[in-house]
Protein chains: 2
Amino acid sequence: MNNKEIQEQRMKGYFMQATKELLKGEGLKSLNVRNIAQQAGYSFATLYNYFKDVKELVFLCVDDFQQECAAEITQKVNGVPGGPAKIKAITKAYMAYFVQYPSVFNLFFIEKLGDIGQKQPTANLIFTFLDRLTADDWDYCRKKYNLQENDITVAKAELNYITAGMLLFYMNRIQPASYSDFSEAIDIQINAIVDRIEISKA
Amino acid sequence: MNNKEIQEQRMKGYFMQATKELLKGEGLKSLNVRNIAQQAGYSFATLYNYFKDVKELVFLCVDDFQQECAAEITQKVNGVPGGPAKIKAITKAYMAYFVQYPSVFNLFFIEKLGDIGQKQPTANLIFTFLDRLTADDWDYCRKKYNLQENDITVAKAELNYITAGMLLFYMNRIQPASYSDFSEAIDIQINAIVDRIEISKA
DNA sequence: AAATATAATTAACATTGTTAAATATATAAT
DNA sequence: ATTATATATTTAACAATGTTAATTATATTT
């Protein structure tokens, strides 16, 4: 990287940092180009020298949020023995993260990706996130219980879709109506999927 | 209903009709108060004499769309024998409807409900939609296969969450990347859930 | 037919994303 | 070191949108 590139990356970083702070703080309500720029210490028009539009900037934060989320999960499930129990724990922690940061949920799942071709890699990153978080433990299960590759693929997809669906209903439609009901529903669904795998060995 | 109420209902109907036409036609891009009012044959300010805001108007359309969707499904699954096969067919037709009308998907699942208390009944309507569509056939299964009430409750919730999650990923993130892949994934997931119930009788 | 209430429209405002014009700052050339 | 040029930043301006206020038209009542 030459000087120009270094400086450009720095500027991008300032705007991304500002965006992340706003998203985790005030949330989507106060996320607009003027607030972002103010938080970054620049005028709003400067933003357009470094990003095509605000959507590009916002979606560039996905990667950072995933790393932060993964770190929180790792810390949270520390001590849980590998295998089915860990898959459950990771999945629950994954959901808890989005409940804690609704704006990140919005960014990951709701926000429309304007330029389709450009952001397909990001969409893929989001789609595969839970799979990557649980990959090691699924592998462990496959070996331990001598499971079919295909059964695992289906179970992984099931977990991915169910967590997205539950979060969608809870975050956007407040269904179930209380967090404790939601939490209970999570347990039921996750256990149903993961326990099924264990049973299938029999 | 007195005259005033009749006239008021009529006016609301005009605006709702306009909203539905725009949503099914041009989609969300061109859904704004000015377009709605023009389609209804009134000025945009008139809208505010009949609705608190545009969100109220838009969410009032949920009921009509559900009826339309239910009618399409009923017609589509006509001839499918009741029971597991019909649950599968209904669920697939339910998803196909949202793929056909992305704006309706947005209204049902994505659009933020502004006033929380006011629109909770609507949120509940959306949450229970698939359950209501398949209720008869689940009941049929319960009797035929002598199933546990609880197993059915979990399976229903599973279907509800998985369909929402799959639609979310496909509509908002284009994952899977092609409709045929998506369609295949639907089959796999729906079959996995419904077939499990049949097997559990053994 | 005039007075009053009701409904509808136009005008106006605030917020937002984006672009164009203007200004400041850094780099290069003499 | 000073001027000329390129680059970066900011201010001004625009278009789109949801909403409210002021104005005008229409209906109802006296």
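Being a predicted model, the structure only gives us computed values, none of them experimental.

Analysis parameters
Residues numbered from 1 in each chain as written. Chains lettered and ligands numbered in written order. Predicted model: local features only at pLDDT ≥ 70, side-chain atom pairs only at ≥ 80, totals over all residues. Heavy atoms only, no water. Helix = DSSP H or I, 4+ residues; strand = E, 2+ residues; numbered from the N terminus. Buried < 20%, exposed > 50% of the residue type's maximum accessible area, 1.4 Å probe, protein only. Contact = heavy atoms within 4.5 Å. Areas by Shrake-Rupley, 256 points an atom, 1.4 Å probe, with all protein chains shown as cover. Lys, Arg positive; Asp, Glu negative; His and termini not counted. Charge placed at Lys NZ, Arg CZ, Asp CG, Glu CD. Near = heavy atom within 4 Å. Polar contact = N/O pair within 3.5 Å; in protein donor to acceptor, adjacent residues only side chain to side chain. Nonpolar A, V, L, I, M, F, W, Y, C, P; charged D, E, K, R; others polar. Expected span 1.5 Å × (residues − 1). Bend = angle between axes of the 7 residues up to and from the residue. Core = buried A, V, L, I, M, F, W, Y, C linked by side-chain atoms within 4.5 Å. Least-squares fit on C-alpha atoms with pLDDT ≥ 70 in both. Axes fitted to C-alpha atoms, helices over the stretch in contact; angles between N-to-C directions. Left-handed = near helix turned anticlockwise from the far one by under 90°. Domains from an automatic or database assignment. Buried area = accessible area lost by both parts, 1.4 Å probe. Salt bridge = Lys/Arg side-chain N within 4 Å of Asp/Glu carboxyl O.

Novice: Just to check I follow, could you spell out the overall build of chain A for this structure?
Specialist: Per the secondary structure count, chain A includes 10 helices and 0 strands. Each helix and strand of chain A, placed in order from N terminus to C terminus, yields the pattern α-α-α-α-α-α-α-α-α-α. Dimensions along the principal axes, computed over C-alpha positions, put chain A at roughly 65 × 45 × 35 Å. Here chain A holds 202 residues, and the buried ones make up 46% of them. If you take every contact in chain A between residues at least 6 apart in sequence, the share linking residues at least 24 apart comes to 69%. Of the roughly 9700 Å² of accessible surface on chain A, a fraction of 49% belongs to carbon and sulfur atoms. Of the side-chain charges in chain A, 23 are positive and 24 negative, and the distance between the mean point of each set is 2 Å.

Novice: Explanation requested: the protein's contact with DNA strand C in the structure shown.
Specialist: Inspection of the region around DNA strand C gives 19 residues, with Asn32(A), Arg34(A), Ser43(B), Thr46(B) and Tyr50(B) positioned closest. The sugar-phosphate backbone supplies 53% of the atoms of DNA strand C found within 4 Å of the protein. Note that a phosphate oxygen of DNA strand C is positioned 2.8 Å from one of the backbone N or O atoms of Ser43(B). Elements that contribute at least two residues to the surface near DNA strand C include exactly helix H2 (33–40) of chain A together with helix H1 (3–24) of chain B. Partitioned by chemical class, the residues of the surface near DNA strand C number 11 nonpolar, 4 polar and 4 charged.

Novice: How do you make sense of helix H8 (residues 129–145) of chain B when you look at a structure like this?
Specialist: Two residues of an α-helix separated by three or four positions point the same way, owing to the 3.6 residues in each turn. Residues and elements named next belong to chain B. Taking 1.5 Å of rise per residue, the 17 residues of H8 would be expected to cover 24 Å, and the 24 Å separating its terminal C-alpha atoms lies within 8% of that figure. In H8, a bend of some 55° at Ala-135 exceeds every other bend along the element. Looking at H8, one finds that the buried residues are Phe-129, Leu-130, Leu-133, Thr-134, Asp-137, Trp-138, Cys-141 and Tyr-145.

Novice: For this particular structure, what's the right way to read the protein's contact with DNA strand D?
Specialist: Every one of the 19 residues lining DNA strand D counts as a neighbour, but Ser43(A), Thr46(A), Asn49(A), Tyr50(A) and Asn32(B) are closest to it. Put simply, 55% of the atoms of DNA strand D that lie within 4 Å of the protein are in sugar or phosphate. Between a phosphate oxygen of DNA strand D and a main-chain N or O atom of Val33(B), the distance comes to 2.9 Å. Interatomic distance of 3.2 Å between a backbone N/O atom of Val54(B) and a phosphate oxygen of DNA strand D.

Novice: Would you take a moment to explain the nonpolar core for this structure?
Specialist: Most often, soluble globular proteins keep nonpolar side chains buried together rather than apart. Core analysis: the biggest nonpolar cluster contains 130 residues, and Phe108(A), Phe109(A), Phe108(B) and Phe109(B) have the highest contact counts within it. If sequence neighbours within four positions are ignored, Phe109(B) has contacts with Leu168(A), Phe169(A), Asn172(A), Arg173(A), Tyr94(B), Phe98(B), Ile126(B) and Ala164(B).

Novice: Explain the relation of the copies chain A and chain B to me, please; I cannot follow it from the model alone.
Specialist: One copy of the chain maps onto the second through a rotation around an axis plus a translation along that axis. Of the two same-sequence chains, chain A is brought onto chain B (RMSD 0.0 Å, axial shift 0.0 Å) by a rotation of 180°. Taken together, the rotation angle and the small translation identify this as a two-fold axis. Minimal C-alpha separation from the rotation axis in chain A is found for Gly165(A), amounting to 2.0 Å. Here 100% of the contact residues of chain A are again contact residues in chain B; the copies associate through an equivalent surface.

Novice: Please clarify how the packing of H1(B) against helix H2 (residues 33–40) of chain B should be interpreted in this entry.
Specialist: Each packed pair of helices is defined by two parameters, the angle between the axes and the distance between the axes. Residues and elements named next belong to chain B. Their axes nearest at 8 Å, the elements H1 and H2 cross at an angle of 115°. Here H1 runs over H2; the crossing is right-handed. On H2, the residues that touch Tyr-14, Phe-15, Ala-18, Thr-19, Glu-21 and Leu-22 of H1 are Asn-35, Ile-36, Ala-37, Gln-39 and Ala-40. Its residues assigned to classes, the contact of H1 with H2 shows 7 nonpolar, 3 polar and 1 charged.

Novice: Sorry, what's going on with the domain arrangement of chain A here?
Specialist: Bring the parts together and some accessible area is lost; that lost area is often taken as the interface size. Residues and elements named next belong to chain A. Looking at chain A, the domain boundaries give domain 1 (3–58) and domain 2 (62–200). Domain 1 and domain 2 are separated by 29 Å when their C-alpha centres are compared. At the junction of the two partners, domain 1 supplies 10 residues and domain 2 supplies 13 residues. Buried area between domain 1 and domain 2, both sides added, is near 1000 Å², and the carbon and sulfur share of it is 61%. The three residues of domain 1 that bury the most area against domain 2 are Lys-24, Leu-28 and Lys-55, which together make up 52% of that side's buried surface. The tally of links from domain 1 across to domain 2 stands at 3 salt bridges. For Lys-24, the salt bridge identified is with Glu-68, shortest N-O distance 2.6 Å. Counting every contact that joins domain 1 to domain 2 gives 6 residue pairs in polar contact (both at pLDDT 80 or more).

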